[in-house]
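# Residue-level structure breakdown
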Amino acid sequence: MEKLPQLRSAVAGLDQISENEKSGCINLVSRYLSGEAEQIEWSKIKTPTDEVVVPYDKLAPVPEDSAETKKLLDKLVVLKLNGGLGTTMGCTGPKSVIEVRDGLTFLDLIVIQIENLNKKYGCKVPLLLMNSFNTHDDTLKIVQKYENSNIEIHTFNQSQYPRLVVDDFSPLPCKGNKGKDGWYPPGHGDVFPALMNSGKLEKLLSQGKEYVFVANSDNLGALVDLIVTPKTLADVKGGTLISYEGKVQLLEIAQVPDEHAAVNEFKSIEKFKIFNTNNLWVNLKAIKRLVEADALKMEIIPNPKEVDGIKVLQLETAAGAAIRFFDNAIGINVPRSRFLPVKATSDLLLVQSDLYTLSDGFVVRNKARKNPENPVIELGPEFKKVGNFLSRFKSIPSIIELDSLKVAGDVWFGSGVTLKGKVTIEAKSGKLEIPNKAVIANKVVNDPKDI
């Protein structure tokens, strides 16, 4: 804790950020140094019951009277977490402007969904975008294209904190790093204080809004409908809901004890059967009350990084971890269709294929697919960037009957290709072209002769 006074003094001199951000940063570091980031006691974890994580089909149905539905929707705000960049997929700017399907971006689809909702029920559900300092300027330009839509779009920024130099816990910007690399957004757990500090929360309450639906902008399954989903092997590193000391709580992999057995148990789909989708329905008045009382002390996730050879630390929190501070909070175990994230080009292949269609801005699964699980797709580094991915497919293959696909090396796909069962395509030497209209079923392909 002797590091804190020096840090407090250094942060006070950072004129790039607000007083709220300065105090938020110091508060987070203070909690971290006092040991609040310690892992939980593994033996105290219990599997939540159906009273705590309610099955989706047990929820009360939507009112049959459309006027009643309109009344409910008029109390609602949709908030999308829009702070992430598309850099991991080789794109510049906000991830939400990556084209997903039929020339439409994540943001286009979100706007179309809410437009249709407002039109259908005659309601006025607004869209809020929580940007980071990385995405703010670009997003302001992009949302201008929606000026003629029938939805109000508001933006606000999450906090900007200085990265901390590991050696002496000083802010990186004080070491001469004046660019964006000296700063970080402190995780989406910051959504609650940022909503309050921006003045948006007070404005929404004054307009009679009562509830906010929070979701990642890249989750195409996050619909206004009425959140956890059954876990699959693709989700083994994601957070899960647990019962801990009598309360429902989010458990992230960063909180799991380091010993091998605990990590393996966390990844198991036997003990932890559900997975956090990061779709949250929250009472706005409760957010105001808890933020004003400084009661949202979510678990701290230390995230070590390296910037220009300097080891730094950024401390983050997750929005879902706030669940234990809200009275009578529950999880809802929703169908897998409610979680369709696009984190990599392998996910893009799924949503651009014939496995899905577009309807009113919603990505809808093709009923011709008999297997309830999606194919497991693993693409090599040649496909990592969106531009490279698109150039390697003349058209996206048909994958209705595909179980798994692994592609490695310099592989190029013709148009009208169909993939079925378990398929591995690996270019062992040089370029491997899959011809137009090829049908590959349960094969390992290393050469055109193998097709």
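Okay, so let's go over this structure. Source: prediction; values computed, not measured.

## A short note on the pairing of strand E3 (residues 76-82)
Within E3, seven of the seven residues are buried, which leaves it mostly tucked inside the rest of the structure. Sheet topology places E3 next to strand E11 (residues 211-216); six bridges connect them, and they run parallel. By the bridge assignment for E11, Val77 is matched with Val212. As paired elements, E3 and strand E6 (residues 127-131) share five bridges and run parallel to each other. For Asn82, the partnering residue across the bridge sits in E6 and is Asn131.

## Notes on unusual backbone geometry
Within the chain, Asp294 stands out as a residue other than glycine whose phi angle is a positive 50 degrees. Tracing the sequence through the fold places Asp294 in the loop between helix H9 (284-292) and strand E17 (301-307). Of the residues examined, Asp294 reaches a relative accessible area of 40% and is grouped as partly exposed. Residues other than glycine seldom take positive phi values, yet Asp360 does so here, at roughly 55 degrees. With respect to the helices and strands, Asp360 occurs in the loop between strand E20 (356-359) and strand E21 (362-365).

## Concerning the pattern of salt bridges
Counted according to the given criterion, the structure contains 15 salt bridges. Asp102 is the salt-bridge partner of Arg101, the closest N and O atoms lying 3.9 Å from each other. Arg101 sits in the buried class, given a relative accessible area of 15%. Residue classification places Asp102 among the exposed residues on the basis of a relative accessible area of 61%. A salt bridge links Lys420 to Glu401; the nearest nitrogen and oxygen atoms lie 4.0 Å apart. Of the two residues, Lys420 sits in strand E25 (residues 418-426) while Glu401 sits in the loop between helix H11 (386-391) and strand E23 (402-408), which places them 19 residues apart along the sequence.

Cut-offs applied
Residues numbered from 1 in each chain as written. Predicted model: local features only at pLDDT ≥ 70, side-chain atom pairs only at ≥ 80, totals over all residues. Heavy atoms only, no water. Buried < 20%, exposed > 50% of the residue type's maximum accessible area, 1.4 Å probe, protein only. Helix = DSSP H or I, 4+ residues; strand = E, 2+ residues; numbered from the N terminus. Pairing = 2+ DSSP bridges. Salt bridge = Lys/Arg side-chain N within 4 Å of Asp/Glu carboxyl O.

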